[in-house]
Amino acid sequence: MKSKTLKTVVLVFGIALFMSTNANAQSQDHQKRKEPPTFSELLKELDENEDGKLSKDELKGPLKDDFSMIDTDEDGFISEEEFKNAPKPERKKRD
């Protein structure tokens with residue numbers, strides 16, 4: 001009888017530990033996503049031809065959608081200064 005009770009306690013403890021670890025990992029992932037990328041991070045990720053510039057063809061999402069508003073000098077590229085001055089996209093509202 002004690003063996004069965006001990007197994008049940010260990011199983012319940014294991015499940016509780018797994019659930020708390022999983023919730024903590026999700027919380028940390030969510031915190032990582034809060035900060036927008038820096039210009040240098042975008043260059044590393046998106047600058048396909050490695051010319052140190054971001055063209056419309058290399059972009060995706062809000063930067064690509066709003067390219068003409070962000071590229072204020074109309075040279076066909078987004079500079080670091082233009083990126084810093086770009087309007088921030090509206091956050092999606094949670095239901």
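Residues numbered from 1 in each chain as written. Predicted model: local features only at pLDDT ≥ 70, side-chain atom pairs only at ≥ 80, totals over all residues. Heavy atoms only, no water.

Student: Is there a simple way to explain the overall build of the protein chain in this structure?
Tutor: In terms of regular secondary structure, the protein chain is built from five helices and two strands. Secondary structure elements of the protein chain occur, N-terminal to C-terminal, as α-α-β-α-α-β-α. Taken over 95 residues, the protein chain has a buried fraction of 17%. Restricting to contacts in the protein chain with at least 6 residues of sequence separation, those with at least 24 account for 22%. For the protein chain, the computed accessible surface area is about 8,500 Å², with 55% contributed by carbon and sulfur atoms. (Helix = DSSP H or I, 4+ residues; strand = E, 2+ residues; numbered from the N terminus. Buried < 20%, exposed > 50% of the residue type's maximum accessible area, 1.4 Å probe, protein only. Contact = heavy atoms within 4.5 Å. Areas by Shrake-Rupley, 256 points an atom, 1.4 Å probe, with all protein chains shown as cover.)

Student: Looking at this model, I keep getting lost on helix α2 (residues 39-46). Mind explaining?
Tutor: Because each turn of an α-helix spans 3.6 residues, side chains separated by three or four positions in sequence point in the same direction. Taken as a whole, α2 has its buried residues at Phe39, Leu42 and Leu46. Seen along its axis, α2 keeps its buried residues to an arc of 55°; they face one direction. (Arc of directions from axis to C-beta.)

Student: For this particular structure, what's the right way to read the pattern of salt bridges?
Tutor: For side chains bearing opposite charge, pairing can occur when the charged atoms are close. Scanning the entire structure with this criterion turns up two salt bridges. Among the ionic pairs, Lys84 bridges to Glu80, the shortest N-O distance being 3.8 Å. Separated by four residues within a single helix, Lys84 and Glu80 lie in helix α5 (residues 80-85), roughly one turn from each other. Exposure remark for Lys84: the relative accessible area of 52% places this residue in the exposed category. A relative accessible area of 41% places Glu80 in the partly exposed class. (Salt bridge = Lys/Arg side-chain N within 4 Å of Asp/Glu carboxyl O.)

Student: Even after reading the chapter, I still don't get the nonpolar core, so can you show me in this structure?
Tutor: Residues Phe39, Leu42, Leu46, Leu54, Leu59, Leu63, Phe67, Ile70, Ile78, Phe83 and Ala86 constitute the largest nonpolar core, which totals eleven residues. Counting only elements with at least two residues in this core, the list comes to α2 and α4 (67-70). (Core = buried A, V, L, I, M, F, W, Y, C linked by side-chain atoms within 4.5 Å.)

Student: Teacher, can you tell me more about the packing of aromatic side chains here?
Tutor: What characterises a pair of aromatic rings is the spacing of the ring centres plus the angle enclosed by the ring planes. Under the counting rule described, the total for this entry stands at one aromatic pair. Taken together, a centroid distance of 5.7 Å and an interplanar angle of 50° make the contact between Phe39 and Phe83 tilted. Of this pair, Phe39 sits in helix α2 while Phe83 sits in helix α5; the two residues are 44 residues apart in sequence, bridging distant segments of the chain. Across the pair, exposure class does not vary: Phe39 and Phe83 are buried alike. (Phe/Tyr/Trp six-rings, centres within 6.5 Å; stacked < 30°, edge-to-face > 60°.)

Student: Explain the environment of Leu46 to me, please; I cannot follow it from the model alone.
Tutor: Structurally, the position occupied by Leu46 is in helix α2. Given the relative accessible area of 9%, Leu46 is considered buried. Separated by eleven residues in sequence, Leu46 and Asp57 place their C-alpha atoms 9.7 Å apart. Dropping the residues within four chain positions of it, Leu46 is found in contact with Leu54, Glu58, Leu59 and Lys60.

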